[in-house]
Each structure stands twice: as C-alpha cells, then as structure tokens.
Amino acid sequence: MRIVTLTVNPAVDKSTRVQHIVPDQKLRCETPKYEAGGGGINVSRGLIRLGTNSTAVFPAGGRTGALLQELLKKENVQQQMVETVNETRENFMVVDISGNQQYRFGIPGPEIEKKEADRFLILLKELSPQLLVMSGSLPPGLEASFYAKIAYSLKPTGVKIIADTSGEALQHAVDEGVFLLKPNLGELSKLVGSETLDNELVDDAARELIRKGRCEVIVVSMGQRGAYMVSRDLAIHVQSPAVKKLSTVGAGDSMVAGMVHQLARGLSLQEMIKMGVACGTAATMNPGTELFKREDAERLYEWLMKQK
C-alpha cells in the first residue's frame, strides 16, 4: 500500500534537561537532542519503526529545513519536500529533572506562500497515495480549508484519508468527508455542536457524523483512558495499559502510526485500534520526543489482544 503523510507545519524539535528551573539564573543544560517533528512526520517516523514504509511530504526552508531533512534521512524515512522561502521552525522543550516536569515551547510556523501551497497538491497527485495521513496544524498563509481542498482533489483517486488536526481545519475536513477522523473528546463535541460529551454520548455523536457521510471511522483519543473507536457497525473502547509515563509528546502521532500500520496490513478495525493504543501508550514510556520503541508497542499490543 502506498502511504503518504502530509505535514504542512513541521519543526525540528530541540530538547534538553536541566537540574532545576529557576528564574533570573544561568541554567546549565545537558547537550541538546534534535529530532524531526510535526504530525505527519512523526507518523512516518513511527511507521518505519514498525516496518512499514511511507513517504513524508512537508515544506522545508533554510538551515533548519536542511537539518529536518537530514534527521529524517538518518531514520530512513522516505521524504518529498516542498522548498520554501521562509525557514522551517524549531520547537524547544526542557525537562526539569528535580520534579520531572516538562516545559514545551512551540514556535509559530513560517508563512507558506501560495505557489508553495499549490505545489503540495501537485506533489500529492504525482505520488498517488492509497492512504494519506493529513496531520498537524496549519501555518500562516494556508486557509483553514486547505486540508479539505486536498481531500476534494484526491477523492476521485479512491485514496483513504486520515485527518488528525483541530479547530477550523478539522471542521472543514469533516465537511468535505474523509475515511477516518481522530478527534479528542472536546473536538468531537464541537463537531456535533454539543457543549460537552461524556463517555456514554461518544457513541451517538460519532455515529451521527458517520450517518451524515462525514467519515467511515472515528477514533476518539481519550488520553490515559485510551481510545474509543466507532464505525457504522462497531463501537469499541480500548483502555490504555498501565505504564510508567515519562512524556506524552508524540503519543497521538504514535497512535496514528500504529493504526496505519494495521490498515496497511489489511487487518481488522479491532486490531487497528488496539495497535494504535499500544503505540500511543508505548510513546509515553520514553522521555522527550522519542516516540515509541517497537518492542514496547508489540508487547502492549499482545496484552491488549488478550483482553476481552
């Protein structure tokens, strides 16, 4: 299966640790670690760990953009980039060792020019994916309907699209219709026009979107409570296994990677959601932005498959 991930607001994630964070003092940090970041890019990084190939499509500009490409190359992630005038952003994370607390600093993405945005659609049509993951936020310069326009243009090819974004971009994607949505509980509430949803109402809200033809499958990520998967004929809640959590960075993207891995293998929706939860949970076992280790994900998946 030809799998493509689309990340239009990527970053190089720079992380370090310090003994204790206090104001107005020079803090001695450990040697920083650099990793490729951004929704779809993280999905591709997760897929390669599971033995599934994909092509990561993203914009890259300047020295940081060159570093982003080099980092992906080291992880053997296939890539196709759209060159941009503006430099790729860099995010920053610091761990306070004394309290094991994370401080995450997200830098705004650079503006994407119209001719650069048009190049994404041309490139995606050339790649002709069978499964496309559109993941992450939109940078300045892209309209909220950008993902929806991509979905509309590629629909005639029969591609299955997974949308994992938020806000207006998510609403537009839903209005256009995709194969799979991955909102959290708050995002699902907004999509169905409800102020709040509890666990008992998730099923009804998800099926409402499915009945309207907005998607075929909805996976509601619920943090420590795992995920709720709803299709036309199936509703499953998969509880996250109990593990020692060191970081939640990349857990959602790891979940998507696990689900795409199973879909690429032609496995069932039950196996899909359980591998998704396994990978998402495994990601929380590692510090910083390391995503998950394959052995952890497979062990948790086997445990989940034994649960009723």
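Just above, that's the structure.
Residues numbered from 1 in each chain as written. Predicted model: local features only at pLDDT ≥ 70, side-chain atom pairs only at ≥ 80, totals over all residues. Heavy atoms only, no water.

Student: How should I be thinking about the overall build of the protein in this particular structure?
Tutor: Counting secondary structure elements, the protein contains ten helices and 13 strands. Whereas a compact globule of 308 residues would reach a radius of gyration of roughly 19 Å, the protein reaches 19 Å, a difference of no more than 12%. The principal-axis extent of the C-alpha atoms belonging to the protein is close to 55 × 45 × 40 Å. In the protein, which comprises 308 residues, the share counted as buried stands at 52%. Approximately 14,500 Å² of the protein is accessible, and the part contributed by carbon and sulfur atoms is 48%. Positive and negative charge centroids in the protein, built from 37 and 36 side chains respectively, lie 4 Å apart. (Helix = DSSP H or I, 4+ residues; strand = E, 2+ residues; numbered from the N terminus. Rg over C-alpha atoms; globule rule 2.2 N^0.38 Å. Buried < 20%, exposed > 50% of the residue type's maximum accessible area, 1.4 Å probe, protein only. Areas by Shrake-Rupley, 256 points an atom, 1.4 Å probe, with all protein chains shown as cover. Lys, Arg positive; Asp, Glu negative; His and termini not counted. Charge placed at Lys NZ, Arg CZ, Asp CG, Glu CD.)

Student: How should unusual backbone geometry be read in this particular structure?
Tutor: Leave glycine aside and you will find that most residues have negative phi; peptide bonds, for their part, are mostly trans. Residues other than glycine seldom take positive phi values, yet asparagine 100 does so here, at roughly 50°. Notably, leucine 291 is not glycine yet its phi reads approximately 60°, a positive angle. Note that leucine 291 resides in the loop between helix 9 (269-283) and helix 10 (294-305). Note on leucine 291: relative accessible area 2%, which makes it buried.

Student: Would you mind showing me how to read the packing of aromatic side chains here?
Tutor: To describe a pair of aromatic rings, you give the distance between the ring centres and the angle between the ring planes. This model, assessed by the stated rule, comprises three aromatic pairs. The interplanar angle of 55° and the centroid separation of 6.2 Å between the aromatic rings of phenylalanine 146 and tyrosine 147 together place this pair among those described as tilted. Exposure remark for phenylalanine 146: the relative accessible area of 9% places this residue in the buried category. Here a set of aromatic residues connected by ring pairs shows up, and it is made of Phe120, Phe146 and Tyr147. (Phe/Tyr/Trp six-rings, centres within 6.5 Å; stacked < 30°, edge-to-face > 60°.)

Student: I would appreciate a short explanation of helix 9 in the present structure.
Tutor: In an α-helix, one full turn covers 3.6 residues, which means residues spaced three or four apart are oriented alike. A rise of 1.5 Å per residue sets the reference length of helix 9, with its 15 residues, at 21 Å; its end C-alpha atoms lie 21 Å apart and thus fit the reference within 8%. In terms of residue burial, helix 9 counts as a mostly covered element, since twelve of its 15 residues are buried. Listing the buried residues of helix 9 in full gives Met272, Ile273, Lys274, Met275, Gly276, Val277, Ala278, Cys279, Gly280, Thr281, Ala282 and Ala283. (Expected span 1.5 Å × (residues − 1).)

Student: Would you mind going over the sheet that holds strand 7 (residues 101-105) with me for this structure?
Tutor: Strand pairing in a sheet is mediated by backbone hydrogen bonds. Such pairs are either parallel or antiparallel. Reading across from one edge, 3-2-6-7 is the order of the four strands in this open sheet, with mixed pairing throughout. Unpaired on one side and paired on the other, strand 3 (33-37) and strand 7 mark the two borders of the sheet. Each adjacent strand pair in this sheet contributes to an overall mean axis angle of 25°, direction not counted. The sheet contact formed by strand 2 (residues 11-18) and strand 6 (residues 89-96) spans eight bridges and is parallel. By the bridge assignment, alanine 11 is partnered in strand 6 with arginine 89. Most of the contacts of helix 2 (residues 62-74) go to strand 3, to which it runs at about 90°, and overall it touches strand 2, strand 3 and strand 6. (Pairing = 2+ DSSP bridges. Axes fitted to C-alpha atoms, helices over the stretch in contact; angles between N-to-C directions. Contact = heavy atoms within 4.5 Å.)

Student: Looking at this structure, how should I read the pairing of strand 1 (residues 3-6)?
Tutor: Residues in a regular strand project their side chains so that they alternate between the two faces of the sheet. Burial of strand 1 is two-sided: the residues Ile3 and Thr5 facing one way and the residues Val4 and Leu6 facing the other way are all buried. Here strand 1 pairs with strand 4 (residues 55-60) via three bridges, running parallel. Looking across to strand 4, one finds that valine 4 is bridged to threonine 55.

Student: What is the right way to read the nonpolar core from this model?
Tutor: Burial of nonpolar side chains together is a common tendency in soluble globular proteins. Grouped together as the largest cluster of nonpolar side chains are 43 residues, with contacts concentrated most on Leu6, Leu124, Leu132, Phe146, Leu181, Leu209 and Val220. Excluding residues within four positions of it along the chain, leucine 6 makes contact with Gly40, Val57, Phe120, Leu124, Leu132, Val133, Met134, Ser135, Phe146 and Tyr147. Counting 37 residues, the second largest nonpolar core, distinct from the first, contains Met285, Leu291, Phe292 and Ala297. (Core = buried A, V, L, I, M, F, W, Y, C linked by side-chain atoms within 4.5 Å.)

Student: It is not clear to me how the sheet that holds strand 13 (residues 235-238) should be interpreted in this structure. Could you clarify?
Tutor: One open sheet accounts for nine strands, arranged 5-4-1-8-9-10-11-12-13; its pairing is mixed. Sheet topology places strand 5 (78-83) and strand 13 at the edges, where each strand pairs with a single neighbour.

Student: Looking at this model, I keep getting lost on the pairing of strand 12 (residues 227-231). Mind explaining?
Tutor: Extensive coverage of strand 12 is indicated by the burial of five of its five residues. Alternating residues of strand 12 divide into Ala227, Met229 and Ser231 and Tyr228 and Val230, and every residue in both groups is buried. Of the pairings in the sheet, the one linking strand 11 (residues 217-221) to strand 12 comprises five bridges and is antiparallel in character. If you follow isoleucine 218 over to strand 12, its bridge partner there is valine 230. Counting the residues between successive antiparallel strands, the hairpin from strand 11 to strand 12 contains five residues, one of them, glycine 223, with a positive phi of roughly 60°. When strand 12 meets strand 13, the two strands line up antiparallel, connected through four bridges. Opposite valine 230, over in strand 13, you have alanine 235 as the bridge partner. Hairpin geometry of strand 12 and strand 13 is characterised by an intervening segment of three residues between the two adjacent antiparallel strands.

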